[in-house]
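Here is how the chains run, residue by residue.
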Amino acid sequence: MKDPTLFALFTGGGFGVVVSYIFLYLQGSLKELMTYYTKLEWRFWVISMLFTVASVIGLIVWFSFYEKLEEDWDTIFIASLAVFLAFAMIWSITIAYIYKNKANPAIQQPVLLIVGLATVGLLLATVESTSNWLVIVAAAIVVWHHLIVDGFWWPTLHQRGYNNRFVNYKGQTKKGRSV
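Thresholds, definitions, all that
- Residues numbered from 1 in each chain as written.
- Predicted model: local features only at pLDDT ≥ 70, side-chain atom pairs only at ≥ 80, totals over all residues.
- Heavy atoms only, no water.
- Phe/Tyr/Trp six-rings, centres within 6.5 Å; stacked < 30°, edge-to-face > 60°.
- Helix = DSSP H or I, 4+ residues; strand = E, 2+ residues; numbered from the N terminus.
- Buried < 20%, exposed > 50% of the residue type's maximum accessible area, 1.4 Å probe, protein only.
- Lys NZ or Arg CZ within 6 Å of the ring centre and 35° of its normal.
- Core = buried A, V, L, I, M, F, W, Y, C linked by side-chain atoms within 4.5 Å.
- Contact = heavy atoms within 4.5 Å.
- Patch = residues over 30% accessible without salt bridge, like charges linked within 9 Å, V, L, I, M, F, W, Y side chains within 5 Å.
- Areas by Shrake-Rupley, 256 points an atom, 1.4 Å probe, with all protein chains shown as cover.
- Salt bridge = Lys/Arg side-chain N within 4 Å of Asp/Glu carboxyl O.
- Lys, Arg positive; Asp, Glu negative; His and termini not counted.
- Charge placed at Lys NZ, Arg CZ, Asp CG, Glu CD.
- Axes fitted to C-alpha atoms, helices over the stretch in contact; angles between N-to-C directions.
- Parallel < 35°, antiparallel > 145°, perpendicular 65-115°, else oblique.
- Left-handed = near helix turned anticlockwise from the far one by under 90°.
- Nonpolar A, V, L, I, M, F, W, Y, C, P; charged D, E, K, R; others polar.

**Focus on the packing of aromatic side chains**
- Scanning the model with the defined rule gives 12 aromatic pairs in all.
- Measuring from centroid to centroid gives 5.9 Å for W42 and W154, while their planes differ by 85°, and the two rings are edge-to-face. Linking W42 in helix α3 (residues 39-66) with W154 in helix α6 (residues 133-166), this pair joins segments that are 112 residues apart in sequence. Both residues of the pair, W42 and W154, count as buried.
- The structure contains a cluster of three or more aromatic residues connected by ring pairs, namely Y21, Y36, Y37, W42, W45, W91 and W154.
- Directly above the ring of Y99 sits K102, whose terminal nitrogen or CZ lies 4.9 Å from the centroid.

Next up, the structure:
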């Protein structure tokens, strides 16, 4: 094994992310989120997500078992991975809060941007540590999905769904507060 720390971090943190998503499913918020989007939007997101999951797993397997990250870049990769996984779990808490309190989904965007920016660290460390183009493409897919799709597009769609459900034509929520 080239990097047992990286593998252990991903295994533990990845487990935490999966558990937090299962919590969202059991809470019912994922089912509600699905109603905010068109079928085409969901298909696009699911396809992007599947490529991203495969890419993340590929990155971790590559740098855990096949090629060691360059010195100094290994610290950036591990720190970025830790931030990425921690804030993915925090995003789940944010969604649970939004769902329970019918809160404005704009509060999730800073969390999603931190997740996306953490993936940039993964990409930079990957580019500096390998010449394998497939691994570099995998890291770029991770950045594309988490920074662009999840960081900007997802909150826009979520906000649209929220506005359609909870905001009247005067720009006020059903509780009478301005949005």
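**Description of the nonpolar core**
- Counting 20 residues, the largest nonpolar core has L6, L59, F63, F77 and L81 as the members making the most contacts within it.
- Only α1 (4-27), α3, α4 (73-101), α5 (109-129) and α6 provide two or more residues apiece to this core.
- Top element by residues in this core is α4. It accounts for 5 residues.
- Excluding residues that lie within four positions of it along the chain, L6 makes contacts with I60, F63, S64, L69, F77, I78 and L81.

**Considering a negative patch on the surface**
- Together, E70, E71, D72 and E128 line one region of the surface with negative charge.
- Assignment of secondary structure puts E128 in helix α5.

**Quick word on the packing of α5 against α6**
- Axis separation between α5 and α6 bottoms out at 9 Å; the angle between their running directions is 165°. With respect to α6, the axis of α5 lies roughly antiparallel. Viewed along their axes, α5 and α6 form a crossing whose handedness is left-handed.
- Here the residues of the contact of α5 with α6 sort into 17 nonpolar, 6 polar and 1 charged.

**Things to note about the pattern of salt bridges**
- All chains considered together, the criterion is met by 2 salt bridges.
- Across the salt bridge formed by K102 and E32, the nearest N and O atoms sit 3.2 Å from each other. Of this pair, K102 sits in the loop between α4 and α5 while E32 sits in helix α2 (residues 29-34), and the two are 70 residues apart along the sequence.
- The residue R160 makes a salt bridge to E41 at a minimum N-O spacing of 2.8 Å. Placement of R160 in helix α6 and of E41 in helix α3 is noted, with a sequence separation of 119 residues between them.
- Judged by its relative accessible area of 31%, R160 falls in the partly exposed class.

**Considerations on a nonpolar patch on the surface**
- Taken together, the side chains of M1, F7, V53, I57, V61, F65 and Y66 define a hydrophobic patch exposed on the protein surface, amounting to about 640 Å² of accessible area.
- Here the element with the most residues in the nonpolar patch is α3; it accounts for 5 residues.
- Mapped onto the secondary structure, V61 falls in helix α3.

**Thoughts on the packing of α1 against α4**
- Orientation of α1 relative to α4, taken along the N-to-C sense of each, is 10°, at an axis distance of 10 Å. With respect to each other, α1 and α4 are oriented roughly parallel.
- Looking at side-chain class alone, the contact of α1 with α4 contains 18 nonpolar, 7 polar and no charged residues.

**Let's talk about the environment of K31**
- Note that K31 resides in helix α2.
- Taking C-alpha positions, K31 is 38 Å from D3, a pair spaced 28 residues apart along the chain.

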